[in-house]
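Here are the chains, one letter per residue:
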Amino acid sequence: MRFLMGIGMLLLILVRGCALWVMFPFAFVAWLLVHSWAQKASVRQALCWYHAHLLVLLLNGPFRPFFAADERPHFRDVPKMSAVEMHKIRLIGMDVVSLAG
């Protein structure tokens, strides 16, 4: 079971990495056109919200057999975007500067 979960995690990381190339430009444009004024969310909150939902989509969709039901997250509402807890991205001990500054 642990081996199957390890394979699932590796595949999840690979697919997520490729999907982020499409998701980040889309999320930025969506924030620019809608979320900046409708939800009063920062660009960093919007990117974190879209990233979290990408993971939820992948974990509850094609990677469902690899992970137990209690480990899979649930979707959040769009109006709660401005309340999303933001996370920092770290590369080898250095903080990556976000677009929000």
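Look up a bit, the structure's there.
First, a word on what this report is: a plain description of the structure on this page.

Topic: the packing of aromatic side chains
Okay, step 1: Per the stated rule, a full pass over the model turns up 4 aromatic pairs.
Okay, step 2: Aromatic pair F26 and Y50: ring centres 5.9 Å apart, planes at 90 degrees, arrangement edge-to-face. Residue F26 is located in helix α1 (residues 2-38), and its partner Y50 is located in helix α2 (residues 43-60); the two are separated by 24 residues in the primary sequence.
Okay, step 3: Ring centres of F63 and F66 lie 6.2 Å apart, and the angle between their planes is 40 degrees; on these two criteria the pair is classed as tilted. Exposure class is identical for F63 and F66. Each is buried.
Okay, step 4: An aromatic cluster is defined as three or more aromatic residues linked by ring pairs; in this entry it consists of F26, W49 and Y50.

A word on the nonpolar core
Okay, step 1: Counting residues in each nonpolar core, the largest one holds 19 residues, and the members touching the most others are L12, Y50, F63, F67 and M81.
Okay, step 2: The set of elements that each furnish at least two residues to this core consists of α1 and α2.
Okay, step 3: A total of 8 residues in this core trace back to one element, the largest contributor, which is α2.
Okay, step 4: In this view, Y50 contacts M23, F26, A27, A30, H35 and M81; residues no more than four positions away in its chain are not counted.

With respect to the environment of L59
Okay, step 1: By the secondary structure assignment, L59 is in helix α2.
Okay, step 2: Given the relative accessible area of 11%, L59 is considered buried.
Okay, step 3: Sequence separation between L59 and L12 is 47 residues; the distance between their C-alpha atoms is 8.0 Å.

Structural notes on the environment of L4
Okay, step 1: Structurally, L4 can be placed in helix α1.
Okay, step 2: On the basis of relative accessible area, L4 is assigned to the partly exposed category, the value being 40%.
Okay, step 3: Taking the C-alpha atoms as reference points, L4 and F67, separated by 63 residues in sequence, lie 8.8 Å from one another.

Analysis parameters
- Residues numbered from 1 in each chain as written.
- Predicted model: local features only at pLDDT ≥ 70, side-chain atom pairs only at ≥ 80, totals over all residues.
- Heavy atoms only, no water.
- Phe/Tyr/Trp six-rings, centres within 6.5 Å; stacked < 30°, edge-to-face > 60°.
- Helix = DSSP H or I, 4+ residues; strand = E, 2+ residues; numbered from the N terminus.
- Buried < 20%, exposed > 50% of the residue type's maximum accessible area, 1.4 Å probe, protein only.
- Core = buried A, V, L, I, M, F, W, Y, C linked by side-chain atoms within 4.5 Å.
- Contact = heavy atoms within 4.5 Å.

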